[in-house]
Amino acid sequence: QLQLAESGGGLVQPGGSLRLSCAASGFFLRTYTIAWFRQAPGKEREGVSCSSRNGRIYYADSVKGRFTISADNAKKTVYLQMNSLKPEDTAVYYCAADLHYICSAYKLLPDFGSWGQGTQVTVSS
């Protein structure tokens, strides 16, 4: 059974950094497209970053140059390194996986079959 579990969220000051982890089980990580989404209170879920099994990577404009997605296939873990955090990055962050989805260069849709439970990131002084 495919399962995803996020960790690494917390409270950080503006300008600080966090690294989120998404531990995958029940499937071969390298064969799936993995993505990070976030949802702030009262807002729709937003696609943050995507890493396709064919190597294509997507970042939302709001996080380009600050966030980096990576994967350690041996550890079956996907990471989201978040630097220069801003208060507007505050949200619940979710990782998602799908066998068929291919990342686009233009947008990231929530058309993923499996989701983690989310981890809270709060950026505040």
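These numbers were taken from a predicted model, which means no experiment stands behind them. (Residues numbered from 1 in each chain as written. Predicted model: local features only at pLDDT ≥ 70, side-chain atom pairs only at ≥ 80, totals over all residues. Heavy atoms only, no water.)

A. Region of the structure containing the state of the cysteines. A complete count under the given rule lists two disulfides for this structure. Covalent S-S linkage joins cysteine 22 and cysteine 95, the inter-sulfur distance amounting to 2.0 Å. In this structure, the disulfide formed by cysteine 22 and cysteine 95 twists by about 60 degrees around the S-S bond and is classed as right-handed. Residue cysteine 22 is found in strand E3 (residues 18-25), and its partner cysteine 95 is found in strand E9 (residues 91-98); the two are separated by 73 residues along the sequence. Assessed through its relative accessible area of 0%, cysteine 95 is described here as buried. (Disulfide = S-S within 2.5 Å. Helix = DSSP H or I, 4+ residues; strand = E, 2+ residues; numbered from the N terminus. Buried < 20%, exposed > 50% of the residue type's maximum accessible area, 1.4 Å probe, protein only.)

B. Region of interest: the packing of aromatic side chains. In total, this model carries five aromatic pairs according to the counting rule given. Here phenylalanine 37 and phenylalanine 112 contribute two aromatic rings whose centre-to-centre distance is 5.6 Å and whose plane-to-plane angle is 75 degrees, an arrangement assigned as edge-to-face. Here phenylalanine 37, found in strand E4 (residues 33-39), pairs with phenylalanine 112, found in the loop between E9 and strand E10 (114-115); they are 75 residues apart in sequence, far enough to count as distant. Geometrically, the ring pair formed by phenylalanine 112 and tryptophan 115 is edge-to-face, given 6.4 Å between the ring centres and 70 degrees between the ring planes. (Phe/Tyr/Trp six-rings, centres within 6.5 Å; stacked < 30°, edge-to-face > 60°.)

C. Looking closely at the pairing of E9. When you tally the buried positions in E9, you get seven out of eight residues, the bulk of the element. Bridge count between E4 and E9: seven bridges; the pairing is antiparallel. Its bridge partner lying in E9, isoleucine 34 is registered against alanine 97. In this sheet, strand E11 (residues 119-123) lies alongside E9 in antiparallel orientation, the contact comprising three bridges. Within the sheet, the bridge partner assigned to tyrosine 93 lies in E11 and is threonine 119. Bridge count for E9 against E10 is two bridges, and the pairing is antiparallel. Note that in E10 the partner of alanine 96 across the bridge is tryptophan 115. (Pairing = 2+ DSSP bridges.)

D. Molecular detail of the nonpolar core. Within the largest apolar cluster, 37 residues are counted, with the highest numbers of intra-cluster contacts made by Trp36, Leu80, Met82 and Tyr93. The set of elements that each furnish at least two residues to this core consists of E3, E4, strand E5 (46-51), strand E6 (57-59), strand E7 (67-72), strand E8 (77-82), E9 and E11. The element best represented in this core is E9, accounting for five residues. Excluding residues that lie within four positions of it along the chain, tyrosine 93 makes contacts with Glu6, Leu20, Trp36, Phe37, Arg38, Val48, Phe67, Leu80, Met82, Gly118, Thr119 and Val121. (Core = buried A, V, L, I, M, F, W, Y, C linked by side-chain atoms within 4.5 Å. Contact = heavy atoms within 4.5 Å.)

E. Structural detail: the sheet that holds E7. Pairing in this open sheet of four strands is antiparallel, and the strands run E1-E3-E8-E7 from one edge to the other. Edge positions in the sheet fall to strand E1 (3-7) and E7, since each has one partner strand and no second. Across the sheet, the mean angle from the axis of one strand to that of its neighbour is 15 degrees, orientation sign disregarded. (Axes fitted to C-alpha atoms, helices over the stretch in contact; angles between N-to-C directions.)

F. Fine view of the pattern of salt bridges. A full pass over the atoms with the stated rule returns four salt bridges. Taking the shortest distance from any N to any O, the salt bridge between aspartate 89 and arginine 38 comes out at 2.9 Å. Taken together, the residues span a long stretch of sequence, with aspartate 89 in the loop between E8 and E9 and arginine 38 in strand E4 at a distance of 51 residues. Of the residues examined, aspartate 89 reaches a relative accessible area of 1% and is grouped as buried. Aspartate 89 serves as the salt-bridge partner of arginine 66, at 2.8 Å between the closest nitrogen and oxygen. Of this pair, arginine 66 sits in the loop between E6 and E7 while aspartate 89 sits in the loop between E8 and E9; the two residues are 23 residues apart in sequence, bridging distant segments of the chain. Ionic contacts of the salt-bridge type, sharing partners, join the residues Arg38, Glu46, Arg66 and Asp89 into one network. (Salt bridge = Lys/Arg side-chain N within 4 Å of Asp/Glu carboxyl O.)

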